[in-house]
Amino acid sequence: MKIAITGATGFLGKYLIKYLLDCNYDVLVIARPEENAQGCFSFDVNIYESDYSINSLEDIFVGVDSIVHLAAQTMQRDTDPLKVSNFFHVNVQIYEDVLIAAQKCNVKQIIQMSSNSVYSPVNRLPFLESDNPIPATIYGVSKLYSEKLGEYVAYKTGMNVISLRLARLYGFGERDSVVFTKYMKLAINSEPIEVWGEGKTEIEYLYVKDVVEAIEVVVRKKIESGVYNVGTNRSYSVMEIAKTINKVCDNEGNLIIDKSKPDNGYNILMDSSKFYNATNWTPKWNLEEAIFDIYNYYSKD
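This write-up is about the structure you can find in this document. Fair warning: this is a prediction, and the values are worked out from it, not measured in the lab.

Thresholds, definitions, all that
- Residues numbered from 1 in each chain as written.
- Predicted model: local features only at pLDDT ≥ 70, side-chain atom pairs only at ≥ 80, totals over all residues.
- Heavy atoms only, no water.
- Buried < 20%, exposed > 50% of the residue type's maximum accessible area, 1.4 Å probe, protein only.
- Helix = DSSP H or I, 4+ residues; strand = E, 2+ residues; numbered from the N terminus.
- Pairing = 2+ DSSP bridges.
- Axes fitted to C-alpha atoms, helices over the stretch in contact; angles between N-to-C directions.
- Parallel < 35°, antiparallel > 145°, perpendicular 65-115°, else oblique.
- Left-handed = near helix turned anticlockwise from the far one by under 90°.
- Contact = heavy atoms within 4.5 Å.
- Nonpolar A, V, L, I, M, F, W, Y, C, P; charged D, E, K, R; others polar.
- Phe/Tyr/Trp six-rings, centres within 6.5 Å; stacked < 30°, edge-to-face > 60°.

Overview of the pairing of strand β2 (residues 26-31)
Most of β2 is tucked away: five of the six residues are buried. Of the strand pairs in this sheet, β2 and strand β3 (residues 46-49) are connected by four bridges, and their pairing is parallel. Considered in β3, the bridge of valine 29 is made with isoleucine 47.

Thoughts on the sheet that holds β3
Think of a sheet as strands paired side by side through backbone hydrogen bonds, with each pair either parallel or antiparallel. Pairing within the open sheet is parallel, and its seven strands lie in the order β3-β2-β1-β4-β5-β6-β11. In the strand order of this sheet, the two ends are held by β3 and β11 (226-230), each with one partner. Within the sheet, the average angular offset between the axes of one strand and its neighbour, ignoring direction, is 25°.

Section: the packing of helix α7 (residues 238-248) against helix α9 (residues 287-300)
Where α7 meets α9, the axes come as close as 10 Å, and the angle between the chain directions of the two elements is 50°. With respect to α9, the element α7 is oriented oblique. Handedness of the crossing formed by α7 with α9: right-handed. Residues Glu240, Ile241, Thr244, Ile245, Lys247 and Val248 of α7 lie in contact with α9, whose contacting residues are Leu287, Glu288, Ile291, Phe292 and Tyr295. Here the residues of the contact of α7 with α9 are counted per class, giving seven nonpolar, one polar and three charged.

Concerning helix α5 (residues 179-188)
Considered for burial, the residues of α5 that qualify are Phe180, Thr181, Tyr183, Met184 and Ala187. Elements that come into contact with the buried residues of α5 comprise β7 (168-170), β8 (193-196), β10 (205-207), α7 and α9. Residue serine 190 follows α5 closely and has a positive phi angle near 60°.

Re the environment of lysine 261
Following the sequence through the fold, lysine 261 ends up in the loop between β13 (255-258) and α8 (273-279). Between the C-alpha atom of lysine 261 and that of valine 195, which follows or precedes it by 66 residues, the distance is 9.0 Å. Residues within four places of lysine 261 in sequence aside, it is in contact with Glu194, Trp196 and Gly197.

A look at the packing of aromatic side chains
Applying the stated criterion to the full structure yields 14 aromatic pairs. Judged by centre distance (6.4 Å) and plane angle (75°), the ring pair of phenylalanine 88 and tyrosine 145 falls under edge-to-face. Here phenylalanine 88, found in helix α3 (residues 85-104), pairs with tyrosine 145, found in helix α4 (residues 138-157); they are 57 residues apart in sequence, far enough to count as distant. With a centroid separation of 6.1 Å and 75° between ring planes, the pair formed by tyrosine 228 and phenylalanine 275 is classed as edge-to-face. Residue tyrosine 228 is found in strand β11, and its partner phenylalanine 275 is found in helix α8; the two are separated by 47 residues along the sequence. Pair check on accessibility: tyrosine 228 and phenylalanine 275 agree, each one buried.

Okay, here's the thing in structure tokens:
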């Protein structure tokens, strides 16, 4: 089976490509010329440079069975919280071009990565696909837009178009600014982890190795078009994450609890029963096992 991957040089893409190659899929990596994609991988991959125009993508999609669309513009610290136009080119226009080129090339299945950011505290916990989602961020607005675009194209063309609303990802190689990476590096260096407030904010996290297995199951089983929550059906408090990281990294008790600062964020928990029932997939990694796996990567690095 031939699978094309967009946004392949990112955090999730690198894990996904390696996993699919290990499963003996024929994988096509799509990247912009300026990304220097060949230098991003420690293994051999078939790289196709593209400006993500329809014509460019048509040349690549001939004979492709499935497309996994990972290309996305994410939130930055200086992102204007009201301007969806900041995300329009990557999260909407490029996805539109992918859908049109796929339809012209008779690609049967498109799987795009969405986000739990389409939900917010306005929605009740646990978040359900049947909710009327009110996005937490302007990035979430752009992902909700792309979901609706996919649903429309599936309806008009009969293509199998799936959007996966992923829980917050973590794993080795993620950005330094995310909680897990920041906490892991502090603990490994025997430095204290700082927790704001009482660390009660609970967030649903999903280990990257679980995500790639979930995507492969969708490729293989070709579930019905639509939107699916993909998570662990449980959340972890910031305090629990910090203590577990310290335990694994032999840094127990090395915490600074700053109650003068507010607990960050809001509670996040999705109900992924729809996806579990459609695929017969469930996540394998619990929090401590995943952190231990990440710690082993740092030990080898």
